[in-house]
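In case you want the letters, here they are:
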Amino acid sequence: MEVLVDFSISCLRVDYFLLLVKFDNNVVSTSMLLKFVICTHDAQTNVRSSSKRQEIKKGASPEPILSINSGLHRSSDEESEPENGSADSVPSLKSDAEKGNSIHSTVEDNHANEKTETSDDIQRTEVTRYRNKPAKKKEENVHATIDIEHDDGQNLNTLTVPEVAKALSINTSGGEQFSDGQYGELMTMIRNAEKNILRLDQARSTALDELNKILSEKEALQGEINVLEMKLADTDDRIKTSAQEKERVGVLEEELEKLRHEMISPLESDGYILALSKELETLKIENLSLRKDIEMLKTELHSVKDTDERVVVLEKECSGLESSVKDLESKLSVSQEDVSKLSSLKTECTDLWTKVESLQLLLDRATKQAEQAVLVLQQNQDLRNKVEKIEEALKEANVYKESSEKIQQYNELMQHKVKLLEERLEKSDAEIFAYVQLYQESIKEFQETLESLKEETKRKARDEPVDDMPWDYWSRLLLTVDGWLLEKKIASDDADSLREMVWKKDRRIHDTYIDVKDKTEGDAISAFLKLVASPTSSGLYVVHIAAEMAPVAKVGGLGDVVAGLGKALQRRGHLVEIILPKYDCMQYDRVRDLRALDTVVESYFDGKLYKNKIWVGTVEGLPVHFIEPQHPSKFFWRGMFYGEQDDFKRFSYFSRAALELLLQSGKKPDIIHCHDWQTAFVAPLYWDLYAPKGLDSARICFTCHNFEYQGTSSASELGSCGLDVSQLNRPDRMQDHSSGDRVNPVKGAIIFSNIVTTVSPTYAQEVRTPEGGKGLHSTLNFHSKKFIGILNGIDTDSWNPATDPFLKAQFNAKDLQGKEENKYALRKQLGLSSAKPRRPLVGCITRLVPQKGVHLIRHAIYRTLELGGQFVLLGSSPVPHIQREFEGIEQQFKSHDHVRLLLKYDEALSHSIYAASDMFIIPSIFEPCGLTQMISMRYGSIPIARKTGGLNDSVFDIDDDTIPTQFQNGFTFQSADEQGLNYALERAFDHYKKDEEKWKRLVEKVMSIDFSWGSSATQYEELYTRSVARARASANRT
């Protein structure tokens, strides 16, 4: 093959160079052209045969060789594969080549009459045209191809040499002259020849590679055959060993037979048993070794089987190689003879396997006999053990006989002692009887004293001013009345009258409660009903329906607002009640007098009525109703407040159940105040479903604490709580701006409420813009007359440095020594350096979410260090990548002297950080209200805050001359970038370091600012009163 390929390539290369040389002089002989075509054909034939062999071996299609005459129907630049017809046309070239001389003479005779001058002129013209216009060659070739295809109407794929010769014109001198089209055809043929040469080179290299592979496989095959021969020799050795083992097994069987006869005969002595035991042990060892040998033999047999399979595969490979390489035929025949030997080996292995199986049966029998012998030995051993036990028992009996006399003496001594004990018991019984009499007398005296104390307590309680009674007391009284009403033990009118007396802190109801506190419930109800009166109260009846309330169920600022505002309104003489879900994860220890009412409230959901268990208790003096749904989904028994997939259903269910509680208990509140999207359903439910049922005394107030969270959901889910989806899923009702099939609870509350508030005046302006409103700006602007921002307050009882139990030392604005002690204590607790007491400490307590400006908090840590301060961060992130980022920073500063990150929330530690910090950083991107800045100032820490939302309404820059001095209380910046933060932080450090006395006066001033709920409660009171007054005036007009 290699010689044939080399010859074809050499032939093509020689003719190719001759053509190039002669082509340059415009003279190409027909015989050379024919020789070129024939050589190309032979090369193609050889390459195709080689390719077919490769196809048989590899299973892939070989790359085709271009036909010489393919240029007659292709452009010279085409690279596509030739059609099948071109390959079939090549054999005709061979017969035409045999007739080359006659063709040549025929062509010369046809052109003998042409003039030499004309031929020379044509030749010179064509050569000039070819040399001067090479750029047009491709176009001319194309035209020539078109002319041939259309004019001749001939299938050029089968074009033969005579037809090529006819296309040539011959001059008188025997030379041949080509037209432009013929030149193009010839160039195409030459290019195809070049491509064929390259492909022949590739085929040659491929053939060499295949040959090398065949040789290497042959060597591998020979190696495997050698290994097989070695394994066969090893197998013969093992067969001989097996035969020896078989003989040994026969000897063992004889020994076992003898042993069986000996076992049947009675055992004469222990020595015989020991000898038998030793023989059995020896037998077991030999049996195990024999089993191991058999296992090894099985493994070898498996390997022989695997070798047989490999030989079959090699046979197939050899048959394929045999067709491609003749040189290996003789050697492969030797391999086949080896394979025939292997087949005989296979037969021998089968016989060997049969012998091994018979050996295994013999071994199994021997093993069973040995096991039976072992059982007999075990039975003998048990008998011996029993004999030994009997002997021991006899010994013990002898010992017992010896000690029986001593036991009799001991019994006599014990009887004497028993008599003495009986005498002592009689004396002690008399003493105990005397003590019992004394105890009974003391009990009588105690009961008399207790009764006198109760009477005295009642007298003092009656004489005690009722205004001094805590709010817990009045809330407990109010919940008692509500419980009787829900349990249908008193009428609705009587309950209203008793509530009026509680609101007014009437002494009569107080005295009655003291009198009946220890009596039965029926007697208590009778006593209370005697007090029924109906004076008109000047206070308002406000019911908050919310998802949070501090401290029992707090996630964010909403819980603080519900508790803080409720207590502030209560102190102003209004009746305030709270309705909450009964979460399984709330802090039950912060609820006083928690009890379940002996009644259930049914509410509608998903086309059914579900029961709700009602619990009552007081939280920081406020009466609270807890609703526990008896729904199979266990809406509020999930171990978390928010974050469930069905939050929309959970809180729409709760909103309707809360209104059902008000309806069934006969309450007539003046204001129903709902908060955030979780209870925003209350507004449309109240006006669409419950006002027509008689719960129509209230005005609805809705407060949105953060417009970032709107609780949107599929419109179909709104129907679960009984609302009409077709009526409410409209652009002017609850339809969300983002999609026509989604509803927005916050939007519905804005439209259906009488009062709409948010948590700061600046935030109220921000949410009326497209950027801040999150899609609700147009709705808020349309309802702007009922929309207002009221700055939240803080619970000054819980956040009071003068009484805070979490602090190392309490302090106030007039005595700041305790603040320094707290700073030192925090540094010691966190492992920070205390070398410089005046080094400023910057605090930050926040949730690490984008809203809070986490990139600015990160920058503040490093900038504080650069300015020579210390930094303490308390908080965590629900966003995984932010949490991981700050965990990395925490590790970076794990043992640093001036930075500590605590990625958690710790109530006690937060109080300590507020008290110890000199400055507090709040770089929020947006902040509806924010309580951090108010708490930090309450504890003497100067805020560094961005001017947004509630921060802009509570922090006023010290260096801003447009702000009156008495209101300046911190450092602010406008742009939410590092430059803005640096500007405020650097000014704060500059003020702190330059003038210690001025900084102290600033601390005293911010600690004296009133951030309590008093001012905020006054504004809510005014909103409530105006709304109720308008409703009553409208009712009077109708």
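To keep things clear, this report deals only with the structure shown in the data block. Here the structure is a predicted model, which means the values were calculated and not measured.

Ranked by size, the top nonpolar core spans 189 residues in total, and within it Met549, Leu659, Phe707, Phe886 and Tyr1024 carry the most contacts. When neighbours within four sequence positions are excluded, Phe886 is seen to be in contact with Leu848, Val854, Ile857, Arg858, Ile861, Leu873, Leu901 and Leu903.

A separate point is the sheet that holds strand S8 (residues 671-675). If you trace the nine strands from one edge of the open sheet to the other, you get S5-S6-S7-S4-S3-S8-S9-S12-S13, paired in mixed fashion. Each end of this open sheet is capped by a strand with a single partner; those strands are strand S5 (592-605) and strand S13 (787-789). This sheet shows a mean twist of 25° between the axes of neighbouring strands, independent of strand direction. Bridge count between S5 and strand S6 (residues 608-619): nine bridges; the pairing is antiparallel. Among the inter-strand pairings, Val600 is bridged to a residue of S6, identified as Lys613. Packed onto the sheet, helix H20 (residues 745-752) meets strand S9 (699-704) and strand S12 (755-758) and runs at close to 140° relative to S9.

This paragraph deals with the pairing of strand S15 (residues 870-874). Counting buried residues in S15 gives five out of five residues, a clear majority hidden from the surface. The two faces of S15 match: Gln870, Val872 and Leu874 on one face and Phe871 and Leu873 on the other face are all buried. Where strand S14 (residues 841-845) meets S15, five bridges bridge the pair, whose relative direction is parallel. Within S15, the position partnered with Leu841 by the bridge is Gln870. Crossover connection from S14 via helix H25 (residues 854-866) to parallel S15: handedness right-handed. Here four bridges tie S15 to strand S16 (residues 899-902), and the two strands are oriented parallel to one another. Directly across from Val872, in S16, lies its bridge partner Arg900. Crossover S15 to S16 through helix H26 (residues 880-892) is right-handed.

Turning our attention to the pairing of strand S4 (residues 575-581). Counting buried positions along S4 yields seven of seven residues, so the element is predominantly enclosed. A two-sided burial pattern is seen for S4, the buried positions comprising Leu575, Glu577, Ile579 and Pro581 on one face and Val576, Ile578 and Leu580 on the other. One ladder, built from five bridges, connects strand S3 (residues 541-545) with S4; its direction is parallel. Bridge assignment links Val542 to a residue of S4, and that residue is Val576.

Moving on: a nonpolar patch on the surface. Residues Tyr410, Leu413 and Met414 make up a contiguous nonpolar surface patch of about 290 Å² in total accessible area. Within the secondary structure, Met414 sits in helix H11 (residues 329-463).

Bringing helix H30 (residues 978-994) into the picture now. Here H30 spans 24 Å end to end across 17 residues, near enough to the 24 Å set by a 1.5 Å rise per residue. Residues of H30 that are buried: Gly980, Leu981, Asn982, Ala984, Leu985, Arg987, Ala988, Phe989 and Tyr992.

Before going further, it helps to examine the sheet that holds S16. Ordered in space as S16-S15-S14-S17-S18-S19, the six strands form an open sheet in which the pairing is parallel. Across the chains shown, the open sheet's two edge strands, defined by having one partner strand only, are S16 and strand S19 (971-973). Along the sheet, successive strands turn relative to each other by an average axial angle of 15°, direction set aside. Strands in contact with helix H31 (residues 996-1008) are strand S17 (919-922), strand S18 (942-946) and S19; relative to S18, the strand with the most contacts, it is inclined by about 80°.

A word on the packing of aromatic side chains. This model, assessed by the stated rule, comprises 23 aromatic pairs. Ring geometry for Tyr686 against Trp687: centres 4.9 Å apart, planes inclined by 85°, an arrangement best described as edge-to-face. Residue Trp687 is classed as partly exposed on the basis of its relative accessible area, which comes to 31%. Seen in terms of ring centroids, Tyr914 and Phe920 are 4.8 Å apart; in terms of plane orientation they differ by 20°. Their pairing is stacked. The rings of Tyr583, Phe636, Phe641, Tyr642, Phe648, Phe651, Phe654, Trp677 and Phe681 are connected pair by pair, giving a single aromatic cluster. Sitting over the face of the ring of Tyr992, Arg838 holds its NZ or CZ atom 4.0 Å from the ring centroid.

Structurally, His705 can be placed in the loop between S9 and strand S10 (713-714). Residue class for His705 comes out buried when judged on its relative accessible area of 10%. Side-chain polar atoms of His705 contact the side chain of His675, separated by 3.2 Å. Excluding anything up to four places from it in sequence, His705 contacts Leu558, Val561, His675, Asp676, Val759 and Pro928.

Reading the values: rules and limits
- Residues numbered from 1 in each chain as written.
- Predicted model: local features only at pLDDT ≥ 70, side-chain atom pairs only at ≥ 80, totals over all residues.
- Heavy atoms only, no water.
- Core = buried A, V, L, I, M, F, W, Y, C linked by side-chain atoms within 4.5 Å.
- Buried < 20%, exposed > 50% of the residue type's maximum accessible area, 1.4 Å probe, protein only.
- Contact = heavy atoms within 4.5 Å.
- Pairing = 2+ DSSP bridges.
- Helix = DSSP H or I, 4+ residues; strand = E, 2+ residues; numbered from the N terminus.
- Axes fitted to C-alpha atoms, helices over the stretch in contact; angles between N-to-C directions.
- Right-handed = clockwise from strand over helix to strand, strands pointing away.
- Patch = residues over 30% accessible without salt bridge, like charges linked within 9 Å, V, L, I, M, F, W, Y side chains within 5 Å.
- Areas by Shrake-Rupley, 256 points an atom, 1.4 Å probe, with all protein chains shown as cover.
- Salt bridge = Lys/Arg side-chain N within 4 Å of Asp/Glu carboxyl O.
- Expected span 1.5 Å × (residues − 1).
- Phe/Tyr/Trp six-rings, centres within 6.5 Å; stacked < 30°, edge-to-face > 60°.
- Lys NZ or Arg CZ within 6 Å of the ring centre and 35° of its normal.
- Polar contact = N/O pair within 3.5 Å; in protein donor to acceptor, adjacent residues only side chain to side chain.

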